[in-house]
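Chain by chain, the residues:
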Amino acid sequence: MNTPLDRMADFDLTPEQREVRSAVRAFAESEILPYVEEHERAGRYPLELIQKLVPLGYMGPLIPPEYGGSRSDVMTYGIVCEELARVDWVVASVVSVSNSLVANSILNFGSAAQMERWLPRIADGTCLTSACLTEPDGGTDLASMRTLARRVSGGWLLSGTKIFISHAAHAGLFFVVASVDRDARHKGVTAFLVDPASEGISIGEFPMRTLKRDNLAEVHMQDVFVPDEGLLGEPGRGFPVLGAALDTGRFSVAARCVGQAQRCLDLALPYAMNREAFGQKIGEFQLVQQKIADMTCRTQAARQIVYQLGRMKDAGVARASMESSVAKLMASQAAVANALDAIQVHGGHGLSEEYEVGRLLLEAKSLEFGEGTSELHTKLIAEFMLGIRAQ
Ligand SMILES: Cc1cc2nc3c(=O)[nH]c(=O)nc-3n(C[C@H](O)[C@H](O)[C@H](O)COP(=O)(O)OP(=O)(O)OC[C@H]3O[C@@H](n4cnc5c(N)ncnc54)[C@H](O)[C@@H]3O)c2cc1C
């Protein structure tokens, strides 16, 4: 559906970026959207939908062509994430986890052998990935992680439990953070590339009230041997790896939030102009119009901030920590607020299985947790602004 917002959304995109937007949108609407509800109801992971991304290059937008990827610019990557998330949280998450968190970390901190081994497989869709960060005792305070890495001859033994792990049951590579020295807190945190088929790994269900189709999992590790080739960066230097990964990760999550916020608006508009009450279209009532206007403003405000961040990255700003927090915080809150408004416009039908908007609420809410909660980003922004924390 074309709306007057399209002109504003696309205004300062290059012709190539506009082309990518319309190509991803057309693909997502015809090849993914029709199956999402079915997958959610069946709790079925959308493997076959993910494979459709491969020939179009959407699995590797941050991976250089020499490793089989389709790397262009960061803005274009954001547009791909936005448009995929507009129709499906899970498919967008596969792209964003694999690119922002995993491939990007390998590119920034990996050895030539790690790049050659993993990047082509991520780009060609034969190796999905998971980021294993969160633990039962907490996800926000990563310096307190309990998963331990013990040095042994030729490698490391990892023991601990990670929870909430997206894609874990289907992944061919885990990006794991563990501590080599818990007393050293963040200076003990170390990043590893781990084969999920390694002895000592077991994957259990982690049942959620939402995103049944993501098959979120617990990953238990008991003396899992990771050879030296699996160390990503240096021992005790996992926090810089995480910092760089999350910096780009927050950009792609924010772009996904814009896609979800836009979808809520897309669904509310036709409903408001088709549904009637008191002999007129509900879209003619001022209180419904208020919601439409709020949703429009939130979506575009979040988009502008996300695009600004993308352009900063394309201009060579390697780390944009405060800006990433601003984008992630504002865009995730916009997605949640738009889902609530879209449900309200739909009345009780907003919570029926017939309509998509009810599902979008919990999916949007989950984006307020992943890659830093709203509270964490609020705290970071204030600390940057007050000079308590340096960029
Ligand atoms: C759908 C979904 C998918 C996910 N996928 C993954 C994944 O693939 N990999 C992965 O590793 N994790 C994943 N997560 C986990 C997510 O990253 C964590 O939920 C998040 O980091 C928060 O951790 P927690 O849930 O343990 O909350 P806690 O850290 O226990 O925090 C609880 C509450 O306290 C607040 N809080 C904590 N510290 C502070 C502070 N200093 N100041 C103010 N408030 C504070 C938090 O903001 C939050 O509101 C996923 C989560 C969801 C919902």
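Residues numbered from 1 in each chain as written. Predicted model: local features only at pLDDT ≥ 70, side-chain atom pairs only at ≥ 80, totals over all residues. Heavy atoms only, no water.

A word on unusual backbone geometry
Line of reasoning, step 1. In this structure, Phe-164 is a non-glycine residue whose phi angle is positive, near 65 degrees.
Line of reasoning, step 2. Along the chain, Phe-164 falls in strand 3 (residues 155-165).
Line of reasoning, step 3. Among the residues examined, Phe-164 registers a relative accessible area of 40% and is labelled partly exposed. (Helix = DSSP H or I, 4+ residues; strand = E, 2+ residues; numbered from the N terminus. Buried < 20%, exposed > 50% of the residue type's maximum accessible area, 1.4 Å probe, protein only.)

Things to note about the pattern of salt bridges
Side chains bearing opposite charge may pair, as long as their charged atoms lie close to each other.
Line of reasoning, step 1. This structure, assessed with the given rule, holds 32 salt bridges.
Line of reasoning, step 2. One salt bridge connects Asp-141 with Arg-185, and the closest N-O pair in it is separated by 3.4 Å. Taken together, the positions of Asp-141 in the loop between strand 1 (128-132) and strand 2 (148-152) and Arg-185 in the loop between strand 4 (171-179) and strand 5 (189-194) put the pair 44 residues apart, joining distant regions of the chain.
Line of reasoning, step 3. When its relative accessible area of 42% is taken as the criterion, Asp-141 is described as partly exposed.
Line of reasoning, step 4. Owing to a relative accessible area of 38%, Arg-185 belongs among the partly exposed residues under this scheme. (Salt bridge = Lys/Arg side-chain N within 4 Å of Asp/Glu carboxyl O.)

A look at the pairing of strand 7 (residues 217-227)
Line of reasoning, step 1. Direction of pairing for strand 3 relative to strand 7: antiparallel, over a ladder of eight bridges. Its bridge partner being in strand 7, Lys-162 is matched across the sheet by Val-219.
Line of reasoning, step 2. Alignment of strand 6 (residues 201-205) against strand 7, held across five bridges, turns out to be antiparallel. Considered in strand 7, the bridge of Ile-201 is made with Met-221. (Pairing = 2+ DSSP bridges.)

Focus on the side chain of Ser-332
Line of reasoning, step 1. For Ser-332, the position within the fold is in helix 9 (residues 321-346).
Line of reasoning, step 2. Engagement of the side chain of Ser-332 in a polar contact is seen with the backbone oxygen of Leu-329, the distance being 3.2 Å.
Line of reasoning, step 3. Ser-332 has contacts with Cys-257, Leu-367, Glu-368 and Ser-374, leaving out every residue within four places of it along the chain. (Polar contact = N/O pair within 3.5 Å; in protein donor to acceptor, adjacent residues only side chain to side chain. Contact = heavy atoms within 4.5 Å.)

Details of the site of the ligand
Line of reasoning, step 1. Close contacts around the ligand come from 19 residues, with Thr-134, Thr-140, Phe-164, Thr-373 and Glu-375 the closest.
Line of reasoning, step 2. Backbone polar atom of Ala-131 to a nitrogen atom of the ligand: 2.8 Å apart, as the coordinates give it.
Line of reasoning, step 3. Between the ligand and the protein, one listed contact pairs an oxygen atom with a backbone N or O atom of Gly-139 at 2.9 Å.
Line of reasoning, step 4. Considered on its own, the ligand offers 970 Å² of accessible surface; in the complex 68% of this is hidden by protein.
Line of reasoning, step 5. Of all the elements in the fold, those that place two or more residues in the shell around the ligand are strand 3 and helix 11 (374-386).
Line of reasoning, step 6. Among the residues forming the shell around the ligand, the class breakdown is nine nonpolar, eight polar and two charged.
Line of reasoning, step 7. Counting residues domain by domain, the shell around the ligand receives three or more from each of domain 2 (130-236) and domain 3 (239-386). (Near = heavy atom within 4 Å. Areas by Shrake-Rupley, 256 points an atom, 1.4 Å probe, with all protein chains shown as cover. Nonpolar A, V, L, I, M, F, W, Y, C, P; charged D, E, K, R; others polar. Domains from an automatic or database assignment.)

Describing the domain arrangement of the chain
Line of reasoning, step 1. Per the domain assignment, the segments of the chain are domain 1 (5-128), domain 2 (130-236) and domain 3 (239-386).
Line of reasoning, step 2. For domain 1 and domain 3, the distance between their C-alpha centroids amounts to 19 Å.
Line of reasoning, step 3. When domain 1 packs against domain 3, the two sides together hide about 2900 Å² of surface, and 58% of this comes from carbon and sulfur.
Line of reasoning, step 4. Counting across the domain 1 and domain 3 interface gives five salt bridges.
Line of reasoning, step 5. Here domain 1 and domain 3 share 15 residue pairs in polar contact (both at pLDDT 80 or more) between them. (Buried area = accessible area lost by both parts, 1.4 Å probe.)

Observations regarding helix 8 (residues 286-314)
Line of reasoning, step 1. Over its 29 residues, helix 8 runs 41 Å from end to end, which matches the ideal 42 Å to within 8%, given 1.5 Å per residue.
Line of reasoning, step 2. Along helix 8, the residues that are buried comprise Val-288, Ile-292, Met-295, Thr-299, Gln-300, Ala-302, Arg-303, Val-306, Tyr-307, Leu-309, Gly-310 and Lys-313. (Expected span 1.5 Å × (residues − 1).)

Considering the pairing of strand 5
Remark: a regular strand shows side chains that alternate across the two faces of the sheet.
Line of reasoning, step 1. Within strand 5, six of the six residues are buried, which leaves the element mostly enclosed by the surrounding structure.
Line of reasoning, step 2. Because side chains alternate across strand 5, one face comprises the buried residues Val-189, Ala-191 and Leu-193, and the other comprises Thr-190, Phe-192 and Val-194, equally buried.
Line of reasoning, step 3. Bridge count for strand 4 against strand 5 is six bridges, and the pairing is antiparallel. Note on strand 5: the bridge partner recorded for Ser-179 is Val-189.

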